[in-house]
Each structure stands twice: as structure tokens, then as C-alpha cells.
Amino acid sequence: MKSAMAELEGRSVLRMPKQLGVRVRMILAAVVALLLFATTASAEVLKGPYLQNVTTESITVCVETDEPAMMTIAYGRDDISEQSVSFNAGAYAAQTTMRLPEPDDKSAAGFDPQETTRYIYKMRLENLKRGKSYVYRVTSGEFESAEKSFVTAPHNLTPYTFVAFGDSRNGSPEAPNLVHEQVTQRVHDVMPAFYLNTGDFVASGEVYTDWDYHFYVENDLMGDAPMVPVFGNHEQGSDLKSGMSGDLLWAHYFDTGKDEDPTWFSFDYGNVHFIVIDVNKSVAISPLGAEYEWLKADIAAAKANPYTNFIIGTFHQPVLGWKVDRTPDIRSKFFAWPVLRDGGVDLVLTGHDHFYARAEIDGVPHVITAGGGAGLYDFIDDVEDQPGFKAASKVHHYTVLDVSPKMIELTAYDAESNAVIDSFTIEKDAAPEALPGDDDDDDDDTVDDDDDTADDDTVDDDTVDDDTVDDDTVDDDTVDDDVADDDTADDDASDDDVMDDDISDDDSTDDDDVGDDDVSDDDVDSDDDDDVGGGCGL
């Protein structure tokens, strides 16, 4: 990446005497340094660093500031000093003009919010190694983050764990949501590869200050585990007076891999294809709408992908109608679900109804995991008699999903006691086709990139891989590990291995009903040389 000085030099078209040129360069360097120092020194880091949009080779590190700032990320496999990359002041930040109310006056009649600007840095680290752990630290002026870590997405036959929960909503540092804080700590203790939030992060998505508490509670977790966001009905609000909206702040904070329509998206992680749907966009998700058409094409492509054998669909409002005084969401039940069902989805994760519940619909498990901190709801009286009923528990909770090549095991935990409240598995007859390439970049044979229990290397010298030590490209027989070696004295003159020791070692409508019992609902209707990419944002 070019430095600010290099960028300025690159724009110069004048030729000047060498000595004068040196002086000009020195002056320019001094000016740039002073400007960067002044800008960085005055900038305050408001949120972050936190992680978004992880792939096998890249990840986004996000930081929000109140002024343009010089950002530096030091990172590495074993030590943060292995590599470092800097982002020039303002060059990689999307700026969003906010109209910020004071928290106590956000709903006061006639209150005129104060206009200010926030800068979000979405800094992309690329050319990382697949399925590997990294440590990193962000510095900006006097700010220095704690040392954090992340893991890149693995090979498609590598087991991993992710977590799902949602509906944390209300709280503030002055009036903390202790349940939300407890759930977040439980999830952090699991240290998942990533976690999925099933929606309703905040009470009012259009109110900038409402997002402060979400990050206050989850910032540390998001700094170690990328968070996959699902757009909830409480995120969709808008304020005509201030010009703020939940969609605007969503695009400000999250990197979902899409600049257009970022509230619905999909991604592959290991052997699972995840489809994140926004059922609040009524026109888009209805038949012939843009999201509906995208959803049909996306799940068809996932079903045809030989490297994935599970499809998980997630959206906020559930198909089930098990909450008192609430009917199933029409958009979920009649638009999203039929496409997922017909496309071959294996699991549906939702939120919205503040409890844990599981049903089986048309042979597919539907899980409501909405116990992240908002007030709990009551079930209808005959919930256990409902079609497909499997489990129901009115507790704050989180769900842990362990994924392996042929199985997904979901375990739901009571957030207070950490006792298991439900568990089940989804199994396949066979693993998916293995992705090409060796997932074990360190060549230490700890992870086999093939789908067989026995090693079936494309280029393998042994029928069964017994290379416990010897992995030389050319056998030097310092340690000969061929159990069935037919050489009396192995000197490679007549080595039986045709090729020895694996050159390629494998080693906009709120659906809260009039009868919503959420008393705290303040919604509108009262319910090496790694390359780096520039920031993406608004």
C-alpha cells in the first residue's frame, strides 16, 4: 500500500532540480507527518476493533472514530510483529453524517438532534492462510487495542463450532442489561469460529446512541469472533426529522460482503452454505421481488455445489406462532420458507420470540433462539400439542452448533445455569467432495484435506500413509518410515517408492402485534506480504 507521501509524489507532474526536489519532498513529508499526527491525535476510537466477513483468505477489521485517523494493524500467525499495515487518515474510511440526540431527549417533542460525523474504517486483510489462527492489534495515535485473535475459515472437511443467539436489545452503561452481558460472556468462553446474531440488536435501529450499548457489551467478543448479523424488525426504524434509519446504520457498521442490499446475503463456511434473509423488506422478499429472486438462485447454486452438504437459512421472524397473541409472520411463512424448503435447506434459525423453541416442519428443524437479553415471552397454552413440536423453554439462552463433515449437532444452554436445555443432530450419509488444495499449509499432517479416514493422497508413495516423520521431497532416509519398505538397506538406489513422501502433502413494517407483551419495546408500533484492500462502506 502506498504511503501518504508516495501518493503525493505519484501525483506530481513537474520535474525540478534534484536538490530542490529533495527539499520539496522533505517539506511535503513534514507537512504530511504533521497533518497525520494532528488528525490522529485528535481522533477518538469509539468502537472496535471488531471483526466482519471472514473467508478462507481474508477478514475485515472495523474501527469507528469521531475524526479521520491513521490506523495501523500489526498481525501474524504467532506474533503480532510478523506483519504490519497502515491505513492513511480518511483514505479507507466511510463517513456517515449522524444526527445524534442526547439519550434522555431522543423522544422529546421538538428536540433538534445535534449533527456530527462518524468515520468507520473497514480494513480488509487479505492473502491469509486458510483455517489458521492469527493475532492482531490496532493502534491509532495514543489508542492501542488489546491483543486480539481470529481464525480464518477452514477447509470444507474441517470441523468447527459457531454460536447463535439474538434479541438482546435494551440496556445502557447506566442501566446495564445484565443478561445480555452474561450471554455474551458465555459465548466468549466458547470462543466460536464466528457467531450469528438472529436480530434485534437494539431497541430502535435508527437511533445512533442505541447502538452504543450493543458495542459496549459485545465489542470484546466481536474482536475475537466475527459476528454475522441478521436484520431484525427493531433494526428497520427510520426518523424523517433526523434523516437517520436502521438501514443506514446497518451499512455503516457491518460488512456483509455486499454494497447493495447488504441486509440479505450468503456465504460458505466449511461445508455449510449460510443464507441470511431480511424478511422485513416486504416488497423485496415477496414473489418477483429482488430478494426473492436472489434467494431462489442462491439456494439452487448452493444445492449444486459439491463442496457443501448443509444449507442453513436464517431470518429474524419465525414461521412458528408459539408466542401468546402473535401469529406467524406472513413474509417468513409464505415467502422465505417455501423457497428454502423447496431448495433443500437443512436447518432454519430465527429469533423474534423471546424464548427457545424447536419444531420440525416438513422434515426440517426450525429453531427459535431469541434469549439474548430482552424480556422473555410466554408460550401459548397448548404449545406441546403444536404440529412438529420438539422442545420449548422460557429461558435466556444461547445455542452452540458443532459442525463436522457429515453432521451438525446443536446444543442449547441456559445462560444462567449453563445447563443443557435441548440437543439434537442433523446427519448426512456422506461428506461433501473435498475442496482442492492442501488445507495444511504448515505441512505438519495435523489435518487431512481428503474426505477419507485413510489417506488417499493424489500423489502418495504409500498405499496407506505411514509418514509419521519423513516428509522430504526426496527421501534422504535419515528416518525411514516405510513399514513395508522392501529395501534391505535403503539407499534410494532402488527405492520402491515411485515418488517418495508427498510433494503435495495432505498431511419497513414492524410485525410486533398489538398484543406484544414486551413492555420495554419502543419500536414505532410500540413493540509475509499479505495484501490489504481498502475499506468498504456507505
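The structure displayed is predicted, hence computed values, not measured ones.

Undergrad: Got a sec to walk through the overall build of the chain? Specific residues and values, please.
TA: Helix and strand counts for the chain stand at eight helices and 25 strands. Here the chain holds 538 residues, and the buried ones make up 53% of them. Of the roughly 23700 Å² of accessible surface on the chain, 50% is carried by carbon and sulfur atoms.

Undergrad: Can you break down the pattern of salt bridges residue by residue, with the values?
TA: Evaluation of the coordinates by the stated rule reveals 15 salt bridges. Across the pair Asp200 and Arg169 runs a salt bridge whose closest N-O atoms are separated by 3.7 Å. On the criterion of sequence distance, the pair formed by Asp200 in the loop between β11 (194–197) and α4 (208–224) and Arg169 in the loop between β10 (160–165) and α3 (178–190) is long-range, its members being 31 residues apart. Both residues of the pair, Asp200 and Arg169, belong to the buried class. Arg341 is the salt-bridge partner of Asp342, the closest N and O atoms lying 3.0 Å from each other. Residue classification places Asp342 among the exposed residues on the basis of a relative accessible area of 61%. On the basis of relative accessible area, Arg341 is assigned to the partly exposed category, the value being 34%.

Undergrad: Before we move on, can you summarise the nonpolar core with the specific residues and values?
TA: One finds Ile73, Leu125, Phe162, Phe194, Tyr269 and Phe274 to be the most contacted residues of the largest nonpolar core, which totals 51 residues. A total of four residues in this core trace back to one element, the largest contributor, which is strand β6 (residues 114–125). By size, the runner-up hydrophobic cluster in this structure holds 34 residues, among which are Ile275, Tyr292, Ala357 and Ile380.

Undergrad: An account of the packing of helix α7 (residues 290–303) against helix α8 (residues 330–343) is requested, with residue identities and associated values reported.
TA: Running from N to C, α7 and α8 point in directions that differ by 20 degrees, and their axes come no closer than 9 Å. Of the possible angle classes, the one that applies to α7 and α8 is roughly parallel. Relative to α8, the crossing made by α7 is right-handed. Contacts from Tyr292, Leu295, Lys296, Ile299 and Lys303 of α7 reach α8 at Phe335, Ala336, Val339, Leu340 and Gly343. Split by residue class, the contact of α7 with α8 holds seven nonpolar, one polar and two charged.

Undergrad: Describe the packing of aromatic side chains, naming the residues involved and giving the relevant values.
TA: Across all of its chains, the model carries 24 aromatic pairs by this definition. Geometrically, the ring pair formed by Phe165 and Tyr195 is stacked, given 5.8 Å between the ring centres and 5 degrees between the ring planes. Here Phe165 is found in strand β10, whereas its partner Tyr195 is found in strand β11, with 30 residues between them in sequence. Given a relative accessible area of 0%, Phe165 falls into the buried group. The exposure class assigned to Tyr195 is buried, which follows from its relative accessible area of 0%. Look at Trp322 and Phe389: their rings are 5.6 Å apart centre to centre, the planes differ by 35 degrees, and that puts the pair in the tilted class. Taken as a pair, Trp322 in the loop between β17 (310–314) and α8 and Phe389 in strand β21 (residues 389–393) lie far apart in primary sequence, 67 residues in all. Overall, Trp322 belongs to the buried group, its relative accessible area being 3%. Of the residues examined, Phe389 reaches a relative accessible area of 22% and is grouped as partly exposed.

Undergrad: Give a detailed account of the environment of Lys390, specifying residues and quantitative values.
TA: Assignment of secondary structure puts Lys390 in strand β21. On the basis of relative accessible area, Lys390 is assigned to the partly exposed category, the value being 42%. Separated by 32 residues in the primary sequence, Lys390 and Arg358 place their C-alpha atoms 5.4 Å from one another. For Lys390, the residues in contact, after removing those within four places along its chain, are Arg358, Ala359 and Glu360.

Undergrad: Lay out α7 with the relevant residues and their values.
TA: Given a rise of 1.5 Å per residue, 14 residues ought to cover 20 Å, and the 20 Å separating the end C-alpha atoms of α7 matches this to within 8%. Among the residues making up α7, those that are buried are Glu291, Tyr292, Trp294, Leu295, Asp298, Ile299 and Ala302. All buried residues of α7 lie within an arc of 160 degrees about the axis, which places them on one face of the element. At its buried positions, α7 is contacted by β15 (265–269), β16 (272–276), α6 (282–285), β17 and α8.

Undergrad: How would you explain unusual backbone geometry if you had to name every residue and give the values?
TA: Excluding glycine, residues mostly have negative phi values, and the peptide bonds linking residues are mostly trans. The omega torsion across Gly48 and Pro49 is 5 degrees, close enough to zero to call that bond cis. Tracing the chain through its elements places Pro49 in strand β1 (residues 45–52). Phi is positive for Asp362, which is not a glycine, with a value near 50 degrees. Looking at the secondary structure, you find Asp362 in the loop between β19 (356–361) and β20 (364–369). A positive phi angle, close to 65 degrees, is found at Asn418, a residue other than glycine.

Undergrad: Tell me about α8, and name the residues and values.
TA: An ideal rise of 1.5 Å per residue puts 20 Å on 14 residues; α8 measures up with 19 Å between its terminal C-alpha atoms. Its maximal kink placed at Trp337, α8 deviates by approximately 40 degrees, while the proline Pro338 follows within four residues. Three or more residues of α8 are buried, namely Arg331, Ser332, Phe335, Ala336, Trp337, Pro338, Val339, Leu340 and Gly343. Taken from the residues just after α8, Gly344 is the one with a positive phi, measuring 95 degrees.

Undergrad: Got a sec to walk through the sheet that holds strand β18 (residues 347–350)? Specific residues and values, please.
TA: Sheet architecture is open: seven strands sit in the order β15-β16-β17-β18-β20-β19-β21, paired in mixed fashion. Whereas interior strands pair on both sides, the edge strands pair on one side only; in this sheet they are β15 and β21. The sheet shows a mean angle of 15 degrees between the axes of neighbouring strands, taken without regard to direction. Bridge count for β16 against β17 is five bridges, and the pairing is parallel. Bridge pairing links His273 to Ile311 in β17.

Quick notes on the rules
- Residues numbered from 1 in each chain as written.
- Predicted model: local features only at pLDDT ≥ 70, side-chain atom pairs only at ≥ 80, totals over all residues.
- Heavy atoms only, no water.
- Helix = DSSP H or I, 4+ residues; strand = E, 2+ residues; numbered from the N terminus.
- Buried < 20%, exposed > 50% of the residue type's maximum accessible area, 1.4 Å probe, protein only.
- Areas by Shrake-Rupley, 256 points an atom, 1.4 Å probe, with all protein chains shown as cover.
- Salt bridge = Lys/Arg side-chain N within 4 Å of Asp/Glu carboxyl O.
- Core = buried A, V, L, I, M, F, W, Y, C linked by side-chain atoms within 4.5 Å.
- Axes fitted to C-alpha atoms, helices over the stretch in contact; angles between N-to-C directions.
- Parallel < 35°, antiparallel > 145°, perpendicular 65-115°, else oblique.
- Left-handed = near helix turned anticlockwise from the far one by under 90°.
- Contact = heavy atoms within 4.5 Å.
- Nonpolar A, V, L, I, M, F, W, Y, C, P; charged D, E, K, R; others polar.
- Phe/Tyr/Trp six-rings, centres within 6.5 Å; stacked < 30°, edge-to-face > 60°.
- Expected span 1.5 Å × (residues − 1).
- Arc of directions from axis to C-beta.
- Bend = angle between axes of the 7 residues up to and from the residue.
- Pairing = 2+ DSSP bridges.

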